[in-house]
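The lines below spell out each chain.
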Amino acid sequence: MGLIEIVVLALIQGFTEFLPISSSGHLILPSQLLGWQDQGQAFDIAVHVGTLFAVLIYFRKDVVQILSAWFKSCAGKGHTAESKLGWYIILATIPAGLVAGLAKDFIEANTRGAAVIATTTIVFGIALWYADIKAKEHKSIFDIKWKAALLIGIAQAVALIPGTSRSGITITAGLLLGLDKKSAARFSFLMSIPVIGGLGLVMIIKLILDNTAVDWCALILGTVLSFVSAYTCIFLFLKFIERMGMLPFVIYRLILGFALFALIGLGYISA
């Protein structure tokens, strides 16, 4: 990979991982329009590690409090709001883990085309807009119950289809279930920790078993850039989300989705 490819792909991954705009819809454009080769599994691991560090460091106080309370609850020392949230995050992770384990190969073989990504980008963009205008927003993150956590987890499993956007669909579900914007986003980001961590672990194991040669300079640079861009994204998103709402992201998704359809129609990218 060249320096430009490393920088562009790492920044795209970092910025789009946590914004409700779909990273896959953006990653397809450089590869197909510019003819770039697949970045490879090692680089995928690097940029995911960068985004994982970003969310862990940004929410470090929440993570420590939740883990501490969760371990105490496991030891029979009673439940608190934080320990319950920890259990709900685990519960919300299960659907995506099951779907990934049972249908990952089918999803990768049948849903990675540009037409699918364009369709899901538009459809779930409209769903985000609907949730934004209909949301009652009367619940905080500590008002989440197990049924709501499970429903948001099921939504996260749907995000395995490229173009859906993991953060987009989980925030949509959270809003429809009554969470305020900031709480929906926080729960979505906290949910990403076991998902990204688990994905990274699986990819690392596969990389070791395949005995693949790696370019360490590219991996380190990719990790650093994805970390910086993801941390910046989380900070700005949570800072301005209540003020600006979801409409800017909805408009952006619609533009991106129809742009992909236009490029397919003109023959610049394959369906």
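Residue positions are counted from 1 within each chain, in the order its sequence is given. With the structure being a predicted model, the display of local features is reserved for residues of pLDDT at least 70 and the display and counting of side-chain atom pairs for 80 or more, all residues being used for whole-chain, interface and lining totals. Excluding hydrogens and water, the side-chain values take into account all heavy atoms of the structure.

Here we come to the overall build of the chain. Within the chain, the secondary structure is distributed over eleven helices and zero strands. Going from the N terminus to the C terminus, the chain shows its helices and strands as α-α-α-α-α-α-α-α-α-α-α. In this treatment the radius of gyration is a C-alpha quantity, and the globule benchmark scales as 2.2 Å times the residue count to the 0.38 power. The globule rule puts the C-alpha radius of gyration for 271 residues at 18 Å, and the 18 Å found for the chain is close to it. Seen through its principal axes, the chain has C-alpha atoms that stretch 55 × 45 × 35 Å. What counts as a helix is a DSSP run of H or I of at least four residues, what counts as a strand is a run of E of at least two, and both are numbered from the N terminus.

In this section: the pattern of salt bridges. In what follows, salt bridge is the name for a side-chain nitrogen of Lys or Arg lying within 4 Å of a carboxyl oxygen of Asp or Glu. Here the structure, examined in full by the defined rule, presents three salt bridges. Across the pair Arg 186 and Asp 62 runs a salt bridge whose closest N-O atoms are separated by 2.9 Å. Pair noted here: Arg 186 is in helix H9 (residues 181-210) and Asp 62 is in helix H4 (residues 60-74), with a separation of 124 residues, a long-range link. Only protein chains enter the accessibility calculation, which uses a 1.4 Å probe; a residue whose area is less than 20% of its type maximum is buried, one above 50% is exposed, and one in between is partly exposed. With relative accessibility at 21%, the residue Asp 62 sits in the partly exposed group. In this structure, Glu 137 and Lys 181 form a salt bridge, with 2.6 Å as the shortest nitrogen-oxygen distance. Residue Glu 137 is located in the loop between helix H6 (114-134) and helix H7 (146-158), and its partner Lys 181 is located in helix H9; the two are separated by 44 residues in the primary sequence. In this structure Glu 137 comes out as partly exposed when scored by relative accessible area, which is 27%. With a relative accessible area of 10%, Lys 181 lands in the buried category.

Let us look at a nonpolar patch on the surface. Put simply, a patch holds well-exposed residues, over 30% relative accessible area, that have no salt bridge, with like charges counted together within 9 Å and Val, Leu, Ile, Met, Phe, Trp or Tyr side chains within 5 Å. The protein chains shown are the only cover counted for residues, whose accessible areas, like all others here, come from Shrake-Rupley with a 1.4 Å probe. Side chains of Ile 126, Trp 129, Tyr 130, Ile 133, Leu 176, Leu 247, Ile 251 and Ile 255 sit close together on the surface and give an oily, nonpolar patch of about 780 Å² of accessible area. Counting residues per element, the ones that place at least two in the nonpolar patch are H6 and helix H11 (247-265). With four residues, H6 is the single largest residue contributor to the nonpolar patch. Within the secondary structure, Trp 129 is located in helix H6. Judged by relative accessible area, which is 39%, Trp 129 ranks as partly exposed.

Note on aromatic contacts: the rings of Phe and Tyr and the six-membered ring of Trp form a pair at centre separations within 6.5 Å, being stacked when their planes are under 30 degrees apart, edge-to-face when over 60 apart, and tilted otherwise. Inspection of the entire model under this criterion finds nine aromatic pairs. Consider the rings of Tyr 58 and Tyr 231, whose centres lie 5.4 Å apart with planes at 65°: the pair is edge-to-face. Here the residue Tyr 58 occupies a position in helix H3 (residues 41-58), and Tyr 231 occupies one in helix H10 (residues 216-244), the gap between them amounting to 173 residues. A relative accessible area of 27% places Tyr 231 in the partly exposed class. Taken together, a centroid distance of 5.4 Å and an interplanar angle of 65° make the contact between Phe 237 and Phe 249 edge-to-face. Of this pair, Phe 237 sits in helix H10 while Phe 249 sits in helix H11, placing them twelve residues apart in sequence. By the burial criterion, Phe 237 is buried, and Phe 249 matches it. Among the aromatic residues, those joined into a ring-pair cluster are Phe 18, Tyr 58, Phe 59, Phe 189, Phe 227, Tyr 231, Phe 237 and Phe 249.

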